[in-house]
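Results of the structural survey
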Amino acid sequence: MTDYQFLKPYTFKNGMTVKNRVVIPPMTERSGLEDGSVSRDELYYASLRAGGVGMFITPAANVTATGKGFEGELAVNDDRYLPRLAKLAATMKQNGTKAILQLIHAGRMTNSQILRGTQPVSASAIAAPRDGMETPRALSETEIKEIVVAFAMATRRAILAGFDGVEIHGANTYLIQQFFSPNSNQRTDQWGGSVTNRMRFGLEIVNAAKMVIDQYAQTPFLLGYRISPEEVENPGIRIADTLQFVDRLADSGIDYLHVSMGNAWRKSLNDPQETRPTILRIKDQVHDRVPLISVGGLQSPADVEKVMAAGITFAALGREYLREPKWVQKVEAGLEDTIRYRVNRTELEDLGLNPALLDFLDVIGTDLGYAGETDATASDRVDAIFKD
Ligand SMILES: Cc1cc2nc3c(=O)[nH]c(=O)nc-3n(C[C@H](O)[C@H](O)[C@H](O)COP(=O)(O)O)c2cc1C
């Protein structure tokens, strides 16, 4: 076995040690039951992939019923989901993998069909600039505070279910990002306007989750936060805003920052003069206060080792882990030659991937990109996953 840096353990400030630096990022593979409960398919999918990686982040789970973004999405908005969430946590935690529950509110990135007749909500009554998107209703201040509390209650459920942490989904154009973006947030109260006001919603959620963790977690429990560093819309999130935000996040008590991009080494989407990869600019700003997770197009051990060499603590393999559930085990066993970089459609069942996921991948490939990106190669890479 090669002496890869990414196979070395890492100990967080809160005392939790993860066995290596490889992460499965959140991937909604659309296996939740109609009501958002964990299904047997979900458990099977997770059981195939657990055990090798240091951290395994669940598909996004909605913290309120109106926060549901997709059919087949998990829910953590009620205690009735706890028994099956506990099974999911236990399945993911086999052989020392840490299980993290991702918490989402989709905001306007849903529709009244998915919400069974309810109008979507957001920071402002502005539809997402994509075909067919519905105009949401702007949340009242009371409702905003209720959603902050819903994230806290979901965090408590994650603790009760036996997860090792939660990740706040502040990325990929969902509600928290909608508040941070000057495009989707045109409020004039304390939740909109200046960058300080626009980051308030995300920081309040972190605070509320932290209070719950301090009160209820009896063993070290991680609080992660996922961001998308830029938007292409004008106005929209620019890296200067993001650097201010990550500066605040790094001191907010989170345990890690997850930077969502379709290509881990992507440079600015808006500033062609900028030659440095965005992840390195964020790294400089964070300055080792919290570890980073980098993601986007990483596939081979060499790809992951390059992330380590840049001083980034964790590397996440998304679509590659759909194709290759035993990636870490194969590297550890010196079987790198057998890592799958392509799968055949006939293998899907064995990989625990269901047909609804294929439709979803088509959507990702033909849209701006799931990770809120305009990376033109994203759709090629998604298409490449399922080449027969
Ligand atoms: C099928 C699929 C589902 C995804 N679901 C989520 C999700 O629930 N939450 C999230 O934050 N990101 C989600 N993502 C984005 C991934 O976490 C990751 O950022 C993206 O796939 C880029 O990494 P990769 O190139 O390694 O696949 C999803 C991606 C895919 C392909």
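The rules behind each value
- Residues numbered from 1 in each chain as written.
- Predicted model: local features only at pLDDT ≥ 70, side-chain atom pairs only at ≥ 80, totals over all residues.
- Heavy atoms only, no water.
- Helix = DSSP H or I, 4+ residues; strand = E, 2+ residues; numbered from the N terminus.
- Rg over C-alpha atoms; globule rule 2.2 N^0.38 Å.
- Buried < 20%, exposed > 50% of the residue type's maximum accessible area, 1.4 Å probe, protein only.
- Contact = heavy atoms within 4.5 Å.
- Areas by Shrake-Rupley, 256 points an atom, 1.4 Å probe, with all protein chains shown as cover.
- Lys, Arg positive; Asp, Glu negative; His and termini not counted.
- Charge placed at Lys NZ, Arg CZ, Asp CG, Glu CD.
- Near = heavy atom within 4 Å.
- Polar contact = N/O pair within 3.5 Å; in protein donor to acceptor, adjacent residues only side chain to side chain.
- Salt bridge = Lys/Arg side-chain N within 4 Å of Asp/Glu carboxyl O.
- Core = buried A, V, L, I, M, F, W, Y, C linked by side-chain atoms within 4.5 Å.
- UniProt positions renumbered as here; feature names shortened; annotations may be inferred.
- 1 Å grid on protein atoms, 1.4 Å probe; cavity = no way out; pocket = protein on both sides within 12 Å on 5 of 7 lines; lining within 4 Å.
- Points joined across faces, edges and corners; volume = space filled by probe spheres on them.
- Nonpolar A, V, L, I, M, F, W, Y, C, P; charged D, E, K, R; others polar.

As recorded by an unreviewed UniProt entry, the protein carries the name NADH flavin oxidoreductase and is attributed to Secundilactobacillus similis DSM 23365 = JCM 2765.

To continue, consider the overall build of the protein. For the protein, the helix and strand inventory stands at 13 helices and 14 strands. Its C-alpha atoms give the protein a radius of gyration of 19 Å, within 12% of the compact-globule value 21 Å for 388 residues. With the principal axes as the frame, the protein shows a C-alpha extent of 60 × 50 × 45 Å. Across the 388 residues in the protein, those meeting the buried criterion constitute 60%. Of the contacts made within the protein by residues no fewer than 6 positions apart, 70% connect residues no fewer than 24 positions apart. A total accessible area of about 15,100 Å² is found for the protein, and carbon and sulfur atoms account for 49% of it. For the protein, the distance from the average position of its 43 positive side-chain charges to the average position of its 49 negative side-chain charges is 3 Å.

Taken together, the neighbourhood of the ligand is formed by 21 residues, with Pro26, Thr28, Arg226, Gly297 and Arg319 sitting nearest. With respect to the ligand, the backbone of Ala60 contributes an N or O atom lying 3.2 Å from an oxygen atom. Between the ligand and His169 there is a distance of 2.9 Å, counted from an oxygen atom to a side-chain nitrogen or oxygen. Relative to its unbound accessible surface of 610 Å², the ligand loses 98% to contact with the protein.

Let us now look at the pattern of salt bridges. Taken as a whole, this structure holds 20 salt bridges when the rule is applied. When the shortest N-O distance is used, the salt bridge between Glu167 and Arg226 registers 3.9 Å. With Glu167 in strand E10 (residues 165–170) and Arg226 in strand E11 (residues 222–227), this residue pair connects regions lying 59 residues apart in the sequence. Note on Arg226: relative accessible area 5%, which makes it buried. If you follow the salt bridges from partner to partner, you end up with Glu34, Lys68, Glu71 and Arg116 in one network.

Once that is clear, we can look at helix H8 (residues 278–286). The set of residues buried in H8 consists of Thr278, Ile279, Leu280, Arg281, Ile282 and Val286. Positive phi shows up at His287, right after H8, with a value of about 50°.

This part is about the nonpolar core. Ranked by internal contacts, the top residues of the largest apolar core, which has 100 residues, are Phe163, Phe201, Tyr225, Leu257 and Trp327. Among the elements that take part in this core, helix H3 (residues 141–161) stands out by supplying 10 residues, more than any other. Membership of the second largest hydrophobic core comes to 14 residues, among which are Val18, Val23, Leu222 and Ile293.

Before going further, it helps to spend a moment on the environment of Glu274. Along the chain, Glu274 falls in the loop between strand E12 (256–259) and H8. Using a relative accessible area of 18% as the deciding quantity, one classes Glu274 as buried. Dropping the residues within four chain positions of it, Glu274 is found in contact with Lys267, Ser268 and Arg281. A distance of 3.2 Å separates a polar atom in the side chain of Glu274 from the backbone nitrogen of Arg276. Side-chain polar atoms of Glu274 contact the side chain of Arg281, separated by 3.5 Å.

This next bit is on the UniProt feature "domain: NADH:flavin oxidoreductase/NADH oxidase N-terminal" (unreviewed entry) in the protein. Cross-referencing UniProt, the feature "domain: NADH:flavin oxidoreductase/NADH oxidase N-terminal" (unreviewed entry) maps to residues 7–337 in the present numbering. Counted over residues 7–337, helix gives 33% and strand 15%. Its end C-alpha atoms are 18 Å apart.

Take the layout of surface pockets next. Size it by volume and the second largest pocket reaches roughly 350 Å³. Every residue lining the second largest pocket is counted, 26 residues in all, and those nearest its centre are Ile254, Asp255, Arg289, Val290 and Pro291. Counting residues per element, the ones that place at least two in the lining of the second largest pocket are helix H6 (200–216) and H8. For the lining of the second largest pocket, the per-class residue count stands at 14 nonpolar, 6 polar and 6 charged.

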